[in-house]
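So the chains spell out like this:
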Amino acid sequence: MSESLRETILLIVQIASLVALIAYVLKTADMARETKKSAAATEKSIEEMVEDRNLEFAPYVVVFFDAQTDSPIFDLVIKNTGKTIAHHVKVVFEPPLQTSLKNYDLEKLALIHQPIPAIPPGFELRTSIDRLETRLESDKLPKLYQVTVTFTGGLNNVVRKLEYILDLGVFHGILETHKSSLTDLTHAVED
C-alpha cells in the first residue's frame, strides 16, 4: 500500500470521526435542552402542588347576612370554612354597616371595628344587625355592601384578602316561606 493511499484512508477516517463527533455533540446538546425543559416542567409542577396544598389547608373566611325563617331579624355571620385557624381577621364594610334598631350601636360592635384575633375552622361569629322587613322597606339605609376581609393563616401564613358583595335584596319574599318553629310554639302557648 502506498503512502498516499494510507494518508487518504487516514484522512477519510478522521473526517468520518469528525462528522460522528459533531453529530454526537449536536445530539447531546438536544438532550441537554430537553432535560432542561423537563426540569423546568417538573419545577413548575412542584410549585403548583405546593400552592394547591397551601390552598387546601388555608383558612377561608366568609362573611354573609343570614335571615332565619322564624325571626324578623337578620344576622351578620363571619365564618371560617377552611381547614386551619384564621388569624388577625379584619372585616371592612363599604358603606359602613348601619342599623335601624334603637339602642343598638354598631360602633360598639367589636367584630367589625377591630381585628378578630383568631377564628378556628368551622367556627362562626354571629350577631343581629336589623329587622329584615324594616331594612327592605327603607330608602335611607343601604341594602348593598362591599365587604373586604383580610386575614392570615395556612401553611405559608401570608395575608389573604377576599372581597364580597352583600345584597339584602336577595331576602325579598323570604318572609312568605315561614316555617313553624319553637318561636311559633312559644307564641301559641303564651296566647
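See the structure printed just above.
Residues numbered from 1 in each chain as written. Predicted model: local features only at pLDDT ≥ 70, side-chain atom pairs only at ≥ 80, totals over all residues. Heavy atoms only, no water.

## Quick notes on a negative patch on the surface
Point 1. Together, Glu43, Glu47, Glu48, Glu51 and Asp52 make up a region of like negative charge exposed at the surface.
Point 2. Along the chain, Glu48 turns up in helix H1 (residues 3-56). (Patch = residues over 30% accessible without salt bridge, like charges linked within 9 Å, V, L, I, M, F, W, Y side chains within 5 Å. Areas by Shrake-Rupley, 256 points an atom, 1.4 Å probe, with all protein chains shown as cover. Salt bridge = Lys/Arg side-chain N within 4 Å of Asp/Glu carboxyl O. Lys, Arg positive; Asp, Glu negative; His and termini not counted. Charge placed at Lys NZ, Arg CZ, Asp CG, Glu CD. Helix = DSSP H or I, 4+ residues; strand = E, 2+ residues; numbered from the N terminus.)

## Digging into the sheet that holds strand S2 (residues 73-80)
Point 1. As summarised here, the arrangement of the 3 strands in space is S1-S2-S5, forming an open sheet in which the pairing is antiparallel. Here the strands that pair on one side only, and so sit at the sheet edges, are strand S1 (61-67) and strand S5 (124-131). Strand after strand, the sheet turns through a mean of 20° between neighbouring axes, direction not considered.
Point 2. Across 7 bridges, S2 lies against S5 in antiparallel orientation. (Pairing = 2+ DSSP bridges. Axes fitted to C-alpha atoms, helices over the stretch in contact; angles between N-to-C directions.)

## A few points about the pattern of salt bridges
Point 1. Across all of its chains, the model carries 8 salt bridges by this definition.
Point 2. When the shortest N-O distance is used, the salt bridge between Lys37 and Glu34 registers 3.7 Å. Here the residue Lys37 and the residue Glu34 both occupy positions in helix H1, the gap between them amounting to 3 residues, near one helical turn.
Point 3. Residue classification places Lys37 among the exposed residues on the basis of a relative accessible area of 56%.
Point 4. A relative accessible area of 47% places Glu34 in the partly exposed class.
Point 5. A salt bridge links Glu56 to Lys83; the shortest N-O distance between them is 3.6 Å. Here Lys83 lies in the loop between S2 and strand S3 (86-94) and Glu56 lies in helix H1, a separation of 27 residues in the sequence.
Point 6. In this structure, a network of salt bridges that share partners links the residues Asp66, Asp75, Glu124 and Arg126. (Buried < 20%, exposed > 50% of the residue type's maximum accessible area, 1.4 Å probe, protein only.)

## Quick notes on the pairing of strand S6 (residues 144-153)
Point 1. Bridge count for S3 against S6 is 6 bridges, and the pairing is antiparallel. Residue pairing across strands places His87 opposite Thr152, the latter belonging to S6.
Point 2. In sequence, S6 turns back onto strand S7 (residues 158-167) through a hairpin of 4 residues, with Gly154 there showing a positive phi of about 95°.

## Describing the side chain of Asp66
Point 1. For Asp66, the location among the structural elements is in strand S1.
Point 2. Classification of Asp66 as buried rests on a relative accessible area of 19%.
Point 3. A distance of 2.9 Å separates the side chain of Asp66 from the side chain of Arg126, its partner in a polar contact.
Point 4. Apart from the residues within four sequence positions on either side, Asp66 is in contact with Phe74, Asp75, Val77, Arg126 and Phe171. (Polar contact = N/O pair within 3.5 Å; in protein donor to acceptor, adjacent residues only side chain to side chain. Contact = heavy atoms within 4.5 Å.)

Without other data, these values stay purely geometric and don't point to any function.
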